[in-house]
Amino acid sequence: MNHQPVRPPQWPLKILKFFLKKQYHEEIEGDLEEVFQDSVERGSHRAAKWNYYWETVRLLRPVLLKNVSQQTIAVNQYPMFKNYFKVSMRNLGKS
């Protein structure tokens, strides 16, 4: 039986590379790949992929993220989005 190793999806790694600090990226990527291979051996490929996606989301913690506060203009943009949402709902109601 020809048993090829199954590769994890690449787009979650791109997301991690974009958001995580460089010092953590390589180690976390290796750990995620090990967990993915273990999941493939224990269960199905589909379940391993969903677990991989979930673990990627769980790793987006403030401690590991790049410092993006300098790149944003406004610290709290919630009121702006709240206003946009209200206006869009009113416009949808009118039409």
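Refer to the structure presented above.
Residues numbered from 1 in each chain as written. Predicted model: local features only at pLDDT ≥ 70, side-chain atom pairs only at ≥ 80, totals over all residues. Heavy atoms only, no water.

(A) Seen up close, the overall build of the protein. A tally of regular secondary structure across the protein gives four helices and zero strands. N-terminal to C-terminal, the α/β element order of the protein is α-α-α-α. Burial statistics for the protein: of 95 residues in total, 19% are counted as buried. For the protein, long-range pairs separated by at least 24 residues make up 70% of all intrachain contacts whose partners lie at least 6 apart in sequence. (Helix = DSSP H or I, 4+ residues; strand = E, 2+ residues; numbered from the N terminus. Buried < 20%, exposed > 50% of the residue type's maximum accessible area, 1.4 Å probe, protein only. Contact = heavy atoms within 4.5 Å.)

(B) Examining the packing of helix α1 (residues 11–19) against helix α3 (residues 45–58) more closely. Two elements in contact, α1 and α3, have axes separated by 10 Å at closest approach and are oriented at 5°. Classed by the angle they form, the pair α1 and α3 counts as roughly parallel. Here W11, P12, L13 and L16 of α1 lie close against α3, whose contacting residues are Y52, Y53 and T56. Of the residues that constitute the contact of α1 with α3, the class distribution is six nonpolar, one polar and no charged. (Axes fitted to C-alpha atoms, helices over the stretch in contact; angles between N-to-C directions. Parallel < 35°, antiparallel > 145°, perpendicular 65-115°, else oblique. Nonpolar A, V, L, I, M, F, W, Y, C, P; charged D, E, K, R; others polar.)

(C) Up close: the pattern of salt bridges. For the structure on display, the rule yields two salt bridges. Across the salt bridge formed by E33 and R7, the nearest N and O atoms sit 3.7 Å from each other. In this pair, E33 sits in helix α2 (residues 22–42) while R7 sits in the segment before α1, placing the two residues 26 residues apart along the sequence. Residue classification places E33 among the partly exposed residues on the basis of a relative accessible area of 29%. Between E55 and R58 there is a salt bridge; the shortest N-O distance is 3.2 Å. Highlighted residues: E55 and R58, both in helix α3, separated by three residues, approximately one helical turn. Taking relative accessible area as the criterion, E55 reaches 22% and is therefore assigned partly exposed. For R58, a relative accessible area of 47% translates into the label partly exposed. (Salt bridge = Lys/Arg side-chain N within 4 Å of Asp/Glu carboxyl O.)

(D) Fine view of the nonpolar core. Formed by L13, L16, L20, I28, L32, F36, V40, A48, Y52, L59 and L64, the largest nonpolar core amounts to 11 residues. For this core, the secondary structure elements donating two or more residues are α1, α2 and α3. Per element, the largest residue contribution to this core is four residues, and it comes from α2. If we skip the residues at most four places from it in the chain, L13 touches H25, E29 and Y52. (Core = buried A, V, L, I, M, F, W, Y, C linked by side-chain atoms within 4.5 Å.)

(E) Focus on a nonpolar patch on the surface. A grouping of F18, F19 and L60 is seen on the molecular surface, where their side chains present a nonpolar patch of about 290 Å² in accessible area. One can find F18 in helix α1. For F18, a relative accessible area of 56% translates into the label exposed. (Patch = residues over 30% accessible without salt bridge, like charges linked within 9 Å, V, L, I, M, F, W, Y side chains within 5 Å. Areas by Shrake-Rupley, 256 points an atom, 1.4 Å probe, with all protein chains shown as cover.)

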